[in-house]
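# Structural features, examined
Here is what each chain is made of, one letter per residue.
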Amino acid sequence: MARLVRFHQHGGPEVLRIEDVDRPGPGPGEVQIRVKALSLNRAEALLRAGAYIETPTLPSGLGLEAAGIIEAVGEGVTDFAPGDSVSIIPPQSMIRWPAYGELATYPAGLVVKHPPSLDWPMAAAVWMQYLTAYGALVDIARLHSGDFVVITAASSSVGLAAIQIANRLGATVIAVTRTTAKRQALLDAGAAYVVASTEEDLAARLDEIAGPQGVRVVFDAIGGPIFEPLTAAMARGGILIEYGGLSLEPTPFPLFAVLAKTLTLRGYLVHEITGNPAKLEAAKAFILEGLETGALRPIIDRTFPFEQIVEAHRFLESNRQFGKIVVTV
C-alpha cells in the first residue's frame, strides 16, 4: 500500500483525496520510483476540473512531474537500478502514469538521471517547463542571437524557463505580464524589458522596444484580444506560437497583419517533443547541459507538504505564483 492522491468526482481542489492504494510493481520496461517531490502544472487542475484533453475514469490519479529514488525496475530495464536518483519527463497520459503519490511507475524512457546539484524540489520542477519552452523556441522557432522574442504569462514556470532559454540563445527577451507588480522580479529573472499589458499600450511599447526590426518570435499562453497588439508588433515572416488559452475572451484572427507580414500562427503542445524520440533526446541534451552549467535553473515559488495537496492546488489556481509550485513527499 502507498498513499496516492485521487479524485472521485470533478470539481475544485477540495475533491482531491489522499488514499491508501495497492501499487503493483513495475512491468516490463518500467521503473517504480519512491517519490521525494512532485510539481504542479495547470494541466492537472484542468484534469481535476473535467476540462482537460484527457477524460479519466473515476476515481483517477493525476500529476505529470516527480523526482525520487528508484525502488524497483521491471524486466528488460538495464540503464537504471534501485537507489538511482531520477526525475520524470511528463508522460503522454497522466491518467495512465500519475505522479501524485508516494510510489509512481513510469516507462524507463521517461526517466532521467538529473544533475546531482539539484535538490528534490528543483529536480521535480525541470521537465515540463523546459521541454515546453525548448520545443517552441528551439525546435520550432529556431530562435537565435539578435532576435526579439515576446514571452507572455512571463511569471509562469514555462514563461521563466523560456526567458532562461532565450537568454542562453542570445535573444532579447520582452516579458509581458498583467501589471507592474512583478516587473523587477522578471528583470531579475533575465528579461531585458517588461511590459504590463493592462497598464501600458502593448502594441506601442513593443514597437518602441523592437523598432523597425520588429518581434520575430512570440511565445503566447493567453490568446484572446492580445493577438492583435502582438501581431501588430511582429516582424515580416515572424512566428507566433500558441501553447495556452488563458483568456476567457474570443481570440480574433488578425487577418491584415498576417497577410501584410506573411506571419505564421501556430498551435503547439509539448507532446510534439515528448512523443518524438529523436526530438526528445535533443531536448534532454540541451536541458541537461543548461542545468549542469547553471544557465537553466528552476525557480520555485512555494513548497507544500504532501498532506497539503488541496492547499497547493488552491494556490495554483490563485495565479499569484512566480515560478513553480512543488509538493514534498
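Now for a description of the structure that goes with this document. Quantities reported herein were computed from a predicted structural model and do not represent experimental measurements.

Reading the values: the criteria
- Residues numbered from 1 in each chain as written.
- Predicted model: local features only at pLDDT ≥ 70, side-chain atom pairs only at ≥ 80, totals over all residues.
- Heavy atoms only, no water.
- Helix = DSSP H or I, 4+ residues; strand = E, 2+ residues; numbered from the N terminus.
- Rg over C-alpha atoms; globule rule 2.2 N^0.38 Å.
- Buried < 20%, exposed > 50% of the residue type's maximum accessible area, 1.4 Å probe, protein only.
- Contact = heavy atoms within 4.5 Å.
- Areas by Shrake-Rupley, 256 points an atom, 1.4 Å probe, with all protein chains shown as cover.
- Lys, Arg positive; Asp, Glu negative; His and termini not counted.
- Charge placed at Lys NZ, Arg CZ, Asp CG, Glu CD.
- Pairing = 2+ DSSP bridges.
- Right-handed = clockwise from strand over helix to strand, strands pointing away.
- Axes fitted to C-alpha atoms, helices over the stretch in contact; angles between N-to-C directions.
- Parallel < 35°, antiparallel > 145°, perpendicular 65-115°, else oblique.
- Nonpolar A, V, L, I, M, F, W, Y, C, P; charged D, E, K, R; others polar.
- Phe/Tyr/Trp six-rings, centres within 6.5 Å; stacked < 30°, edge-to-face > 60°.

What follows concerns the overall build of the chain. For the chain, the count of helices and strands is eleven helices and 15 strands. For the chain, the C-alpha radius of gyration of 20 Å lies close to 20 Å, the compact-globule estimate for 329 residues. If you line up the chain on its principal axes, its C-alpha atoms span 60 × 40 × 35 Å. The 329 residues of the chain split such that 55% are buried. Within the chain, counting contacts between residues at least 6 apart in sequence, those at least 24 apart form 69% of the total. Approximately 13,400 Å² of the chain is accessible, and the part contributed by carbon and sulfur atoms is 52%. When the 27 positive and 34 negative side-chain charges of the chain are each reduced to one mean point, those points stand 1 Å apart.

Okay, the pairing of strand β8 (residues 148-151) next. Covered by surrounding structure in β8 are F148 and V150 together with V149 and I151, the residues of both alternating faces. As paired strands, β8 and strand β9 (residues 172-177) are joined by four bridges and run parallel to one another. Note that in β9 the partner of V149 across the bridge is V173. A crossover links β8 with its parallel partner β9, the connecting element being helix α4 (residues 157-169), and its sense is right-handed. Inspection of the sheet shows β8 paired to strand β11 (residues 215-220) by three bridges, in the parallel sense. The residue bridging I151 from the neighbouring strand is F219, located in β11.

Remark: helix α1 (residues 42-49) packs on helix α11 (residues 309-318), axes separated minimally by 10 Å, with the N-to-C direction vectors making an angle of 110°. Regarding the angle of α1 to α11, the classification is roughly perpendicular. Contacts between α1 and α11 involve R42, E44, A45 and R48 on the former and, on the latter, H313, L316 and E317. Looking at the contact of α1 with α11 residue by residue, the classes come out as two nonpolar, one polar and four charged.

Reading across the sheet, the six strands line up as β10-β9-β8-β11-β12-β13 and stay open at both edges, with parallel pairing between neighbours. The outermost strands of the open sheet, each flanked by one partner alone, are β10 (193-196) and β13 (264-267). The average undirected angle you get between the axes of adjacent strands in this sheet is 15°. Contacts between helix α3 (residues 127-140) and the sheet are confined to β8, β11, β12 (234-242) and β13, with β11 contributing the most and set at about 155° to the helix.

Further remarks concern the pairing of β9. The buried count for β9 comes to five of six residues, which makes it a mostly enclosed element. Once the chain exits β9 it traverses helix α5 (residues 183-188) before rejoining the sheet at β10, and the crossover so formed is right-handed.

Counted according to the given criterion, the structure contains three aromatic pairs. Between Y134 and F286 the ring centres are 5.3 Å apart and the planes differ by 55°, which places this aromatic pair in the tilted class. Taken together, the residues Y134 in helix α3 and F286 in helix α10 (residues 277-293) connect sequence positions 152 residues apart. Of the two residues, Y134 and F286, both sit in the buried class. Relative to F315, the ring of F304 has its centre 6.1 Å away and its plane inclined at 50°; by these criteria the two rings are tilted. Taken together, the residues span a long stretch of sequence, with F304 in strand β14 (residues 300-305) and F315 in helix α11 at a distance of eleven residues.

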